[in-house]
Amino acid sequence: MHVGHPDKEKGMNTDGLRGAVAIVTGAAGGIGAATARMLASRGANVVLTDVNQEQGFAVAAQIGEGARFVAHDVSNGCDWKTVVSVAEDAFGSVSILVNNAGIAPPPLPLHEVSEADYRRVVDVNQLSCFLGMKAVVPSIIRRGSGAIVNVSSVAGLKAERGAIAYTASKFAVTGMTKVAALDLAGLKIRVNSVHPGLVDTPMVRPEGGAQAFDPILQFAAGLPIPRPGEPDEIANLIVFLASDSASFLTGGSYAADGGWTL
Ligand SMILES: NC(=O)c1ccc[n+]([C@@H]2O[C@H](COP(=O)([O-])OP(=O)(O)OC[C@H]3O[C@@H](n4cnc5c(N)ncnc54)[C@H](O)[C@@H]3O)[C@@H](O)[C@H]2O)c1
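For clarity, every value in this text was computed on a predicted model and none was experimentally measured.

(A) Up close: the packing of aromatic side chains. For the coordinates displayed, the defined rule picks out 2 aromatic pairs. Above the face of the F213 ring, R205 is positioned so that its terminal group lies 3.8 Å from the ring centre.

Listed below in C-alpha cells is the structure:
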C-alpha cells in the first residue's frame, strides 16, 4: 500500500521539512542563522547551537516556538550529547544535522602558524563534523531516515594562500562527507557538503568597518558573479540538500561561490 505524505495529498510541497527536527551549529549569526530561520519557515523544528550565547538565544527567540538554543562548543564531544538530548526531549528524534560552525584565522604563511592555532582550527572546523555526525546518527536511526549537510568552503576544493589550517580542515570535511555518505547510505542517511565562496557574514567583515571591507569587495568584483554572496544564498542550498527534494543526492560537494572555483 502506498501511503502518501499528508501535505503532498493536500497539494502542498514542504519537501519533507514540516515536522523535521534539525540541529544547526554556529547558528548565532551568518550562514547558520539564515539556515535555521529558513528551515523553521518551512515547518522544521530547529535546535540552534553556538558558543555565542547572547546572539544564539536572540535568534532562537525571534524564530519562536519551534526553536531552542543550546550553548555548545562543537569541538567538545560531551557538549554534543547535551545537544542531542535537548533536541529529542523538545521535538523527538533528529532528522537533519547541519555542521556549520567554523572559524577562519587571519591569513599567515604556514611557517608562522603556531601548532596550537593549527590544532584549534582543525578541532573547530573538522573534528566537530566527526563528533556531530557520530552523536546525531543514532537519533536519525531512531527516526528512520535523515540528511546531514557539512559546511566546507571553496577552501575545501582549492588551495588558499595563507590558510594552511583552514584549507586542511575544509578539505578534510569534503573527504569525511564522502566516507560518511558511504557508511550511512544503508541507514537511509544522505550526507553532502556545501562549499560557500565569499559570503557577507561577520567571518569576512574585519574589524574597522566599511573601509576595511573594501579589499574584500574589490576581490569579489573580479568573480564571475561580481559581488559577495548573501547568507540566504547559501542557506537555500543547505535547506535544499536537507530536504526530500534532494532524495537522490549523497556524497556530493556543491559550490555556491559565484563561480569562484570555475
Ligand atoms: N563567510 C564566508 O565567506 C565563508 C566562506 C566559505 C565557508 N564559510 C563557512 O561557513 C560556515 C559559517 O560561517 P559564517 O560565514 O556564517 O561565519 P560566522 O562567523 O558569521 O558564523 C560562524 C559561527 O560559528 C560560531 N562558532 C565559532 N566557533 C565555535 C565553536 N567552537 N562551537 C560552536 N560555535 C562556534 C561563531 O560564534 C559564529 O556564530 C563556517 O564553517 C565557514 O567556514 C564561510
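Don't stop here, the text continues.
(B) Structural view of the site of the ligand. Surveying the vicinity of the ligand reveals 28 residues, the closest of which are I31, D50, N100, Y166 and T201. D50 has a polar side-chain atom sitting 2.6 Å from an oxygen atom of the ligand. A distance of 3.0 Å separates a nitrogen atom of the ligand from a polar backbone atom of V74. Within the complex, 91% of the 820 Å² of free accessible area of the ligand lies under protein.

(C) Representation of helix α8 (residues 231–242). With 12 residues, α8 ought to run about 16 Å at 1.5 Å a step, and its terminal C-alpha atoms sit 16 Å apart, in line with that. Every buried residue of α8 is listed here: P231, I234, A235, L237, I238, V239, L241 and A242. Considering only its buried residues, α8 is in contact with α2 (30–41), β4 (96–99), β5 (146–151), β6 (189–196) and β7 (253–256).

(D) Structural view of the pairing of strand β3 (residues 67–71). For strand β2 (residues 45–50) and β3, the ladder comprises 5 bridges, and the chain directions are parallel. The partner of T49 across the bridge, within β3, is V70. Tracing the backbone out of β2, into helix α3 (residues 53–63) and back to the parallel element β3 gives a crossover that is right-handed.

(E) Summary view of the side chain of S243. Topologically, S243 is positioned in the loop between α8 and β7. Those residues in contact with S243, other than ones at most four positions away along the chain, are D15, L17 and R190.

What counts as what
Residues numbered from 1 in each chain as written. Predicted model: local features only at pLDDT ≥ 70, side-chain atom pairs only at ≥ 80, totals over all residues. Heavy atoms only, no water. Phe/Tyr/Trp six-rings, centres within 6.5 Å; stacked < 30°, edge-to-face > 60°. Lys NZ or Arg CZ within 6 Å of the ring centre and 35° of its normal. Near = heavy atom within 4 Å. Polar contact = N/O pair within 3.5 Å; in protein donor to acceptor, adjacent residues only side chain to side chain. Areas by Shrake-Rupley, 256 points an atom, 1.4 Å probe, with all protein chains shown as cover. Helix = DSSP H or I, 4+ residues; strand = E, 2+ residues; numbered from the N terminus. Expected span 1.5 Å × (residues − 1). Buried < 20%, exposed > 50% of the residue type's maximum accessible area, 1.4 Å probe, protein only. Contact = heavy atoms within 4.5 Å. Pairing = 2+ DSSP bridges. Right-handed = clockwise from strand over helix to strand, strands pointing away.

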